[in-house]
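The lines below spell out each chain.
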Amino acid sequence: MLAAQGQLQIMYSPELVHGLTSRAVVGRFTAEAALTQLLADSGLTWQMVGPSTLLLQRMEASTENVDAAKIKGGARAAKTLGTMTISGSLIDNPRIQTATPVYTLTAEVINARGFNSVAEALQYCIFATGSVQGPQHFAAFTQGAQTVNIGNLGPSLTLILMDGKPLAEFGMLYDGSYSFTNLSNIPLSLVDHIDIMPAGASSIYGSQAVAAVINIVTKQRMDGGQLSVQSGGYTAGGGASQRISAAYGHTFNALSILASIEFNSASPIWGYQRALTASTWSNPNGLATPSLQSAIVDYGSAASYTGQAKGFITPPSGCAGSLYGATTQLSTYNTSPGIYGQYCGSRYADGYATLSNRIRSIGGSFKLQYRVNEDLWLYADAMMSWQRQSWYAGAPLWASTYLPSRLIEDADTGNILVFERTFAPEEEPGGVVGQMSRQQDLLYQLDLGANGQFGASNWIWDIYYLRSGDRTTLIRNDLMTAPINAFFQRMFGPPVGIDPSTGLLTYHPDYAAFFRSITPAQFASFTQDIGEFSQTWINDTRATISNAEWFELPGGNAGFAALVERGGEAWYAPVDPLFSSGAVYLHTVDGGGGQRAHSAAAFEFNAPVWRQVTLDLSGRYDYYSPQAAASNHKFTYKLGIEYRPTDSLLLRGNYTTVFKAPDLPSIYLGPSAGFASVTDLYLCTVTHTSNCGTNATQVVPVTLLGSRKLQPLSAKTWTAGLVWSPNDSLSFGLDYFHIDAQDEIASQDPNLLVQEESQCLLGQRDPNSLACQVLTNPTNGQVQRASPDGRGEITGVTSYDANLAHETTESVVANVTWGFPLPRVGKFAMHFDYNDILKHDYQQSPGQPVVNLLDDPTLNVDFKSVVEGSMSWTSLDDRWSSTLYGRRLGSSPDYASISGLGYPGSAHLTPWITFNWSLTFTPASPLKFSLVIKNIANKGPPRDPTFTAFPYFNFDNYNDYGREIMLQMDLKLTSHPG
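Residues numbered from 1 in each chain as written. Predicted model: local features only at pLDDT ≥ 70, side-chain atom pairs only at ≥ 80, totals over all residues. Heavy atoms only, no water.

For the rest of this paragraph, the subject is the overall build of the protein chain. Looking only at helices and strands, one finds 19 helices and 45 strands in the protein chain. Looking at the protein chain residue by residue over its 978 residues, the buried ones come to 53%. Residue pairs in contact within the protein chain that sit at least 24 positions apart in sequence constitute 71% of those at least 6 positions apart. About 40,800 Å² of surface is accessible on the protein chain, with carbon and sulfur atoms providing 58% of the total. (Helix = DSSP H or I, 4+ residues; strand = E, 2+ residues; numbered from the N terminus. Buried < 20%, exposed > 50% of the residue type's maximum accessible area, 1.4 Å probe, protein only. Contact = heavy atoms within 4.5 Å. Areas by Shrake-Rupley, 256 points an atom, 1.4 Å probe, with all protein chains shown as cover.)

Within the fold, Glu 744 resides in strand E36 (residues 730-747). A relative accessible area of 12% means that Glu 744 is categorised as buried. Placed 84 residues apart in sequence, Glu 744 and Lys 660 show a C-alpha to C-alpha distance of 8.6 Å. With sequence-adjacent residues up to four places away left out, Glu 744 is seen in contact with Leu 157, Leu 713, Ala 802, Asn 803, Leu 804, Ala 805 and Glu 807.

So, on to the sheet that holds strand E8 (residues 212-218). With mixed pairing, the five strands of this open sheet are ordered in space as E4-E7-E8-E5-E6. The sheet terminates laterally at strand E4 (103-106) and strand E6 (165-166), the two strands that pair on one side only. With four bridges joining them, E4 and strand E7 (residues 191-198) adopt antiparallel strand pairing. From the neighbouring strand, Tyr 103 faces E7, where its bridge partner is Ile 196. (Pairing = 2+ DSSP bridges.)

What follows covers the nonpolar core. Core analysis: the biggest nonpolar cluster contains 50 residues, and Val 118, Phe 127, Leu 183, Ile 194, Ile 214 and Ile 216 have the highest contact counts within it. When contributions to this core are tallied by element, the ones reaching two or more residues are E4, helix H6 (118-123), strand E5 (158-162), E7, E8, strand E35 (713-727), E36 and strand E42 (880-889). The greatest single-element share of this core, amounting to four residues, is contributed by H6. In this view, Ile 194 contacts Tyr 103, Thr 104, Leu 105, Ile 110, Val 118, Leu 122, Ile 214, Asn 215 and Ile 216; residues no more than four positions away in its chain are not counted. The next biggest cluster of nonpolar side chains, apart from the first, holds 24 residues, and it includes Ile 313, Trp 398, Phe 423 and Phe 526. (Core = buried A, V, L, I, M, F, W, Y, C linked by side-chain atoms within 4.5 Å.)

So, about the pairing of strand E28 (residues 556-573). Relative to E28, strand E27 (residues 527-553) is paired through 16 bridges, and the arrangement is antiparallel. Paired with Ile 538 across the strands is Glu 569, a residue of E28. Between E27 and E28, which follow one another and run antiparallel, lie two residues. The pairing of E28 with strand E29 (residues 592-607) spans 15 bridges and is antiparallel. What sits directly across from Glu 569, in E29, is Arg 596.

On to helix H18 (residues 750-761), then. Given a rise of 1.5 Å per residue, twelve residues ought to cover 16 Å, and the 16 Å separating the end C-alpha atoms of H18 matches this to within 8%. Of all the twelve residues making up H18, nine are buried; the element is thus mostly covered by neighbouring parts of the structure. The set of residues buried in H18 consists of Pro 750, Asn 751, Leu 752, Leu 753, Val 754, Glu 757, Ser 758, Cys 760 and Leu 761. A side-chain oxygen of the first residue of H18 lies 3.2 Å from the backbone nitrogen of Asn 751; this N-cap is Asp 749. Remark: Gly 763 follows H18 within two positions and exhibits a positive phi of approximately 80°. (Expected span 1.5 Å × (residues − 1). Polar contact = N/O pair within 3.5 Å; in protein donor to acceptor, adjacent residues only side chain to side chain.)

The pairing of strand E11 (residues 255-266) with strand E18 (residues 358-373) spans twelve bridges and is classified as antiparallel. Across the sheet, Phe 263 pairs through a bridge with Ile 362, a residue of E18. Two elements, E18 and strand E19 (residues 376-391), share 15 bridges in a ladder whose sense is antiparallel. Residue pairing across strands places Ile 359 opposite Gln 389, the latter belonging to E19. Here E18 folds back onto E19, and the loop between the two strands holds two residues.

Moving on: the confidence of the model for the protein chain. Per-residue confidence for the protein chain gives a mean pLDDT of 88; residues scoring 70 or more make up 89%. Throughout residues 1-9 the model reports pLDDT below 50, and contacts reaching past four residues in sequence, or to other chains, amount to 33 contacts. Note on residues 49-53: pLDDT under 50 across the span, and 14 contacts to partners over four residues away in sequence or across chains. (pLDDT = per-residue confidence, 0-100.)

Think of a disulfide as a covalent bridge from one cysteine sulfur atom to another cysteine sulfur atom. This structure, assessed with the given rule, holds two disulfides. The disulfide that involves Cys 319 links it to Cys 344, with 2.0 Å between the sulfurs. The disulfide joining Cys 319 to Cys 344 has a torsion of about -95° about its S-S bond and is therefore left-handed. Highlighted residues: Cys 319 in the loop between strand E14 (311-312) and helix H9 (323-326) and Cys 344 in strand E16 (residues 343-346), separated in sequence by 25 residues. For Cys 319, a relative accessible area of 22% gives the class partly exposed. Judged by relative accessible area, Cys 344 falls into the buried class, the value being 0%. A disulfide bridge connects Cys 760 with Cys 772, and the sulfur atoms are separated by 2.0 Å. Across the S-S bond of Cys 760 and Cys 772 the torsion is about -80°, and the bridge reads as left-handed. In this pair, Cys 760 sits in helix H18 while Cys 772 sits in helix H19 (residues 770-776), placing the two residues twelve residues apart along the sequence. One exposure class covers both Cys 760 and Cys 772, and it is buried. (Disulfide = S-S within 2.5 Å.)

What follows deals with the packing of aromatic side chains. In this structure the tally under the stated criterion is 52 aromatic pairs. With centroids separated by 6.1 Å and ring planes inclined at 90°, the aromatic side chains of Trp 550 and Phe 605 adopt a geometry described as edge-to-face. Here Trp 550, found in strand E27, pairs with Phe 605, found in strand E29; they are 55 residues apart in sequence, far enough to count as distant. Residue classification places Trp 550 among the partly exposed residues on the basis of a relative accessible area of 39%. Feature note: the residues Trp 398, Phe 419, Phe 423, Phe 487, Phe 488, Phe 492, Tyr 507, Tyr 511, Phe 514, Phe 515, Phe 523 and Phe 526 constitute an aromatic cluster, connected by ring pairs. Here the basic side chain of Lys 165 rests over the ring of Tyr 464, its NZ or CZ set 5.0 Å away from the ring centre. The side chain of Arg 887 reaches across the aromatic face of Tyr 124, ending 4.4 Å from its centre. (Phe/Tyr/Trp six-rings, centres within 6.5 Å; stacked < 30°, edge-to-face > 60°. Lys NZ or Arg CZ within 6 Å of the ring centre and 35° of its normal.)

Next up, the structure:
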């Protein structure tokens, strides 16, 4: 079984193992760790005799006899101290099993499947069914970061650790709302393996361990050096990448060191480098309507004005044909029949945006372990990574609707006009490359600690201090409000009067001047480099004691562990006054800052009460004390059980309570601006307007604020599963996960606030109640209206974060592994995973209806199911190996479905199936060459005939990168004894 799963050949003499049995090892381990557990107390050990070949042999008789004498004499058994990372348990022993399923991605599997970043490896894991924003999400708040969405619960409910220790979160907010961990700045070459523990684990790890815990375990020891060089690119162009990594480790008597470094570089992929995103010819409506470069939209005269555009003012002197690669031309808006006139447009304008970012990074780590004596080790770890990313989100836009007067009236014709203008690469200093947003991010994790053993007992202790932080700077060349408005207002000339029928200022605009191209110097006159800055940090001091052999039970030794910790965390994102004052054109940022103290205590007890039954109980108490905000605390626990009715069958299950403390931005977020569509039922009623849903709907400014009264999210999870291994070459696994989260933090719905405010004003609720006064107060109510008495048109809504939402998910994950040899051909191993979301219900706030997100594409576009699988082959001499990896993403809603399933033409897209292939050749033991082809069939996103907006596919679910080919060389150097 182990040989099949680990793709190993295990050699031994039959008489060596005659009559020996071992307890089943359940969980995800490296092959070496699993074999060590299987051989425990057997008198056997193992030795590597080839890259994937192990030889079983007896321990030296003298060593075996000495160990036996120590045990019989009551002396302590030897312990392996130093650093050790155990995922899912506090007990410092890899032989301790819990009922929590742990899924592992080793560095070898990551490389064989063709993943070239930590983010990609996790986004392709079987649990990553939810969509995420990333480099393709144009003008997103975090276009320079990547994360993972486990179980469709969002990035914020997954806890990400490195070597079991906290990792600082990214300072800029996902979707402008909440914190998350940025995976794009973690060097891949540092990774030994990644453990994924789905469902709750707060009783071990504390806050945020709701959807999953991901533990990125780095390489701890090395004897010698290693050099790796990788280069690749896409067959369709762009995205050329290079990675060079080196590491060296050695043990000098009592001192062990490991140092590693990685350089990474990648070119961007531009929209114009892919057929789907190069031009409007890809628009599935077949019209290929040119995108706007400059236009004067005509809304007709005051007498005919309805708020709907009637046509365009045709450029009197034509268009600036040199723009967008000489593709700008007079264009007709053929999307809407009856629209008259022409504008200047280009079918290729939208292609000037990046689909993937330009990346330059350098990162590394240094690990030191020193054995003071048999009972004491000292250790220190440092990881640091600096990364610069650049991207271009598309051409900036100026429109006269954002002038104080909003609308322009031609004094000669009386027509009401709107002027709109984008800026082409030829008009920008340095072109689009010179205008790319530039983000620099520094991520670090440092710890200093010691561990040891209490005298002759089996009690092991560990204590460390940790500091982790993230510092991010983002610089954009933004349009500045006053200069750009003044630049274009000069084309209107001075106002010549006021139209008494409209109240609008009238002008004699210079139409021809508006359609002329501008120079880079003119563009520079109304733009400015503006920076955004954020930083986060975590301090943590933790002390742990554990005993894997506390006392003996009928099924084996009971284990126990306990910890105490104390620390703090902070988030600061100061806002440049240029943003808050409105000096930056149509651009706002999220800001705020604060910090809090944190303390916790936890325990775990593992009890093999019978040979077939093991119980695992853990509990944890966390206390948070934020500055100038409500403190909160939580006790969580877990009860797990493993039952082995036979040696080949394991049944497991656990019940867990979990929580997530309010993240710091939810508490300290300052005013953040946005817009929302609301229905004003009050004015609709008092004005006797018909069809309120249509005629009383308006877009209003919304101010978003954190809340200092927030309490933790609480959730209950339970899992049940089995692992069946009928023989040594075949294994089946099946797990069910249920998560029920309450008091989830969400922003108040502006439309719901307006509905409740309308009920207060109409007397349907007590207008003097506190709940109504909070909404209707003319001075500081959450819904503000134009008239002094607070009963005019809505002018703004204030929305706070609050403990509102209730969310429930159910899912099932299955896997099968089969390994077999073929004579004269080699060794084969196959592995398949399947994940299906069975249920996903969401209630936005108490009293609101419960929505089935699996059936409502207007609120959820995540995948319901994911299937992945791999087939690997290794030659008999271990010199050749190959892996074919495939992934199937289930169907997702099409673009039309965002309006509901009844919308004409709405449907689900076909599943997206892609394959990666790798081939490795080892000509000599220290040297290895690899070829990887990702997306072999060069498959693009599923065709969506209803996605009539650029980029014509759901960029949060799919990518259009295409086929990538990578070559890699690895060289290992043996260390000399020191």
